[in-house]
Amino acid sequence: MQLAREARAFSVRLGLFYGALFVIYGMHVPYFPVWLDGRGLSADQISAIMAAPFFLRLLVTPATALAADRSGHHRSYLIALAWASLAMVSLLSGMQGFWSLLAFSVPLSLAFSTIMPLTETVAVSGVRHAGLDYGRMRLWGSLTFIAASFAGGFAIEHWGNAAGIWLVAFGCLLTVAAAHCLPRTMLGHDPPSPDAAPWWKASEPLMLLRQPAFLTFLVAAGCNQAAHATFLTFGTLIWHKQGLTGEWIGTLWAIGVLAEVGLFAVSGWLVRTFGATWLLLAGATASVIRWIAMGFDPGFALLLPLQILHGVTYGAVHIGAIHFIGKAVPVRQAGSAQALYATVASGVAMGAATLIAGRLYAIDATVAYFAMAAIAAVALIAAWLLHRIWRGEAILSAP
């Protein structure tokens, strides 16, 4: 009975934190490029600011996750990162010019994006040790993303591009408050070993990267997420040029995430029925279709079903990725695996794709979407290979 109460409290607090964190994402992803555009930046400058943190995550995110794993104090790291996000967005709000904006945008993005893999590690501990439904916790983040998208569209329409930065700041403030409400320990987390090597000498990342199945997984998940780069960076600007109002743009963003919420709500059944690799395959297939269609500059009637596909192109892949890590990687390496997934999927691959998107968007937005379809095709091949070589077993022995 006590364990059940602890598990429920754990789930509620983590769901609350996901909800607060995704207010940042719901404001930053659609509207931060709009704010940068309002500051007079070019498409190449916007893509450079959006891409730079993705590359720096290669160093920052794994190091932070390893340090948190070794200390066992994930909550403390999450609180510190939340406060860092709030500090950076407060400073950024007064900046002008490309270099000043770059200098403060990068640490802001690094701070709140590094929160995500640490939160996923905490969530997976609940899935492993208390049988919690990951999708039911994570969907609260998607719901607040929807609310933020609606609110952001309304704010941009009525108060202009300058509102974008204050929307992000509001999300950071909520995340700080929710971080202090997080459970103090992970469910089933082993205490740190006193004779463990310091995090800067840790071997977990290299051990994982030597596994063919894990490398193939990184390509499948990373390329699929990277294929969203044109949409995530320039989607709102493209729709503005098509004449859509802020309210309708917010609605389209919300529809995509609402489809994601529906998928998260049944994620347990999906994983039991189809398995992680089938979800990766489904997401990559839908991604190829979605970005090819977006390249033909579809009208509003077609944008609705294409946005619904977001539930598969992002949601199915993310669910598959989390459950692949949960089954394939022992708990003591879970933080490193989450960090590598975040570093590749929302890091190197996304950074490279964002730079490509910026260059092609300056030429023709439709060409940029076709390039994303090609990246998604690479993800589809990798997902098929992973389905062939991995049968649900652990790829590393537990330490």
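Visitor: What exactly am I supposed to notice about the pattern of salt bridges here?
Guide: Opposite charge on two side chains makes pairing possible when the charged atoms of those side chains draw close. This structure, assessed with the given rule, holds 1 salt bridge. A salt bridge links R359 to D44; its shortest N-O distance comes to 3.7 Å. Of this pair, R359 sits in helix α15 (residues 334-363) while D44 sits in helix α2 (residues 43-71), and the two are 315 residues apart along the sequence. Here R359 falls in the exposed class, since its relative accessible area comes to 52%.

Visitor: Sorry if this is basic, but what is going on with the packing of helix α3 (residues 74-92) against helix α6 (residues 163-179) here?
Guide: Packed helices, taken two at a time, are described by the angle their axes make and the gap between the axes. Two elements in contact, α3 and α6, have axes separated by 9 Å at closest approach and are oriented at 155°. One way to sum up the angle between α3 and α6 is to call them roughly antiparallel. Seen along the crossing, α3 lies across α6 with a hand that is left-handed. Within the contact between the two elements, α3 uses R75, L78, I79, A82, W83, S85, L86, V89 and L92 and α6 uses I165, V168, A169, C172, L173, T175, V176 and A179.

Visitor: In this structure, what is going on with the packing of α2 against α3? I would like to understand it.
Guide: One way to put it is that α2 packs onto α3 with a least axis distance of 8 Å and a crossing angle of 145°. Mapping the contact onto sequence places T64, A67, A68, D69 and S71 in α2 and H74, Y77 and L81 in α3. Grouping the constituent residues of the contact of α2 with α3 by class yields 4 nonpolar, 3 polar and 1 charged.

Visitor: Help me understand helix α14 (residues 310-328), please; the structure alone is not making it clear to me.
Guide: Since there are 3.6 residues in each turn of an α-helix, residues three or four apart along the chain are aligned in direction. The terminal C-alpha atoms of α14 lie 26 Å apart, and with 19 residues this matches the ideal 27 Å at 1.5 Å per residue to within 8%. Taken across its 19 residues, α14 has 16 buried, putting it largely inside the fold.

Visitor: What exactly am I supposed to notice about the packing of aromatic side chains here?
Guide: The final tally for this structure, using the stated rule, is 20 aromatic pairs. The interplanar angle of 90° and the centroid separation of 5.8 Å between the aromatic rings of W269 and F274 together place this pair among those described as edge-to-face. The exposure class assigned to F274 is partly exposed, which follows from its relative accessible area of 41%. Among the aromatic residues, ring-to-ring pairing joins F145, F231, W239, W253, W291 and Y369 into one connected group. Residue placement shows R290 over the ring face of F231; its charged tip is 4.9 Å from the ring centre.

Visitor: Help me understand the side chain of S47, please; the structure alone is not making it clear to me.
Guide: Structurally, S47 can be placed in helix α2. A polar contact of 2.9 Å, which involves the side chain of S47, links it to the backbone oxygen of D44. In this structure S47 touches F234, T354, L355 and G358, once residues within four positions along its chain are discounted.

Visitor: Help me understand the environment of L232 in this model?
Guide: One can find L232 in helix α9 (residues 229-241). In this structure, the C-alpha to C-alpha distance between L232 and A357, residues 125 residues apart in sequence, is 9.9 Å. Those residues in contact with L232, other than ones at most four positions away along the chain, are V29, P33, W253 and M350.

Visitor: Explanation requested: a nonpolar patch on the surface in the structure shown.
Guide: Judged by side-chain polarity, F55, L56, L58, L59, V60, V348 and L355 come together as a nonpolar surface patch covering roughly 570 Å² of accessible area. Those elements that place two or more of their residues in the nonpolar patch are α2 and α15. The element contributing the most residues to the nonpolar patch is α2, with 5 residues. Residue position: L56 is located in helix α2. Judged by its relative accessible area of 39%, L56 falls in the partly exposed class.

Visitor: So what exactly am I meant to see when it comes to the confidence of the model for the protein here?
Guide: The predicted coordinates ought not to be read in detail in places where the model reports low pLDDT. Summarising the model, the protein shows a mean pLDDT of 84, and 91% of its residues fall at 70 or more. At the low end of the mean pLDDT range in the protein sits helix α7 (residues 204-209), at 74; at the high end sits helix α12 (residues 276-294), at 96.

Visitor: Would you take a moment to explain the nonpolar core for this structure?
Guide: For soluble globular proteins, nonpolar side chains are generally found buried alongside one another. Judged by nonpolar contacts, the single largest core of 112 residues is most densely connected at L36, W239, W291 and M372. Ranked by residue count, the leading element in this core is helix α1 (residues 2-38), at 18 residues. Once residues within four sequence positions are removed from consideration, W291 is found in contact with A227, H228, F231, Y369, F370, M372, A373 and A376. Ranked by size, the runner-up nonpolar core spans 25 residues in total, among them A220, F324, I325 and A337.

Visitor: Just checking my understanding: could you explain the state of the cysteines for this structure?
Guide: As used in these notes, a disulfide is a covalent bond between sulfur atoms, one from each of two cysteines. Summed over all chains, the structure comprises 0 disulfides. No disulfide involves C172; its sulfur sits 17 Å from the nearest other cysteine sulfur, which is in C181. Overall, C172 belongs to the buried group, its relative accessible area being 0%.

Procedures and definitions
Residues numbered from 1 in each chain as written. Predicted model: local features only at pLDDT ≥ 70, side-chain atom pairs only at ≥ 80, totals over all residues. Heavy atoms only, no water. Salt bridge = Lys/Arg side-chain N within 4 Å of Asp/Glu carboxyl O. Helix = DSSP H or I, 4+ residues; strand = E, 2+ residues; numbered from the N terminus. Buried < 20%, exposed > 50% of the residue type's maximum accessible area, 1.4 Å probe, protein only. Axes fitted to C-alpha atoms, helices over the stretch in contact; angles between N-to-C directions. Parallel < 35°, antiparallel > 145°, perpendicular 65-115°, else oblique. Left-handed = near helix turned anticlockwise from the far one by under 90°. Contact = heavy atoms within 4.5 Å. Nonpolar A, V, L, I, M, F, W, Y, C, P; charged D, E, K, R; others polar. Expected span 1.5 Å × (residues − 1). Phe/Tyr/Trp six-rings, centres within 6.5 Å; stacked < 30°, edge-to-face > 60°. Lys NZ or Arg CZ within 6 Å of the ring centre and 35° of its normal. Polar contact = N/O pair within 3.5 Å; in protein donor to acceptor, adjacent residues only side chain to side chain. Patch = residues over 30% accessible without salt bridge, like charges linked within 9 Å, V, L, I, M, F, W, Y side chains within 5 Å. Areas by Shrake-Rupley, 256 points an atom, 1.4 Å probe, with all protein chains shown as cover. pLDDT = per-residue confidence, 0-100. Core = buried A, V, L, I, M, F, W, Y, C linked by side-chain atoms within 4.5 Å. Disulfide = S-S within 2.5 Å.

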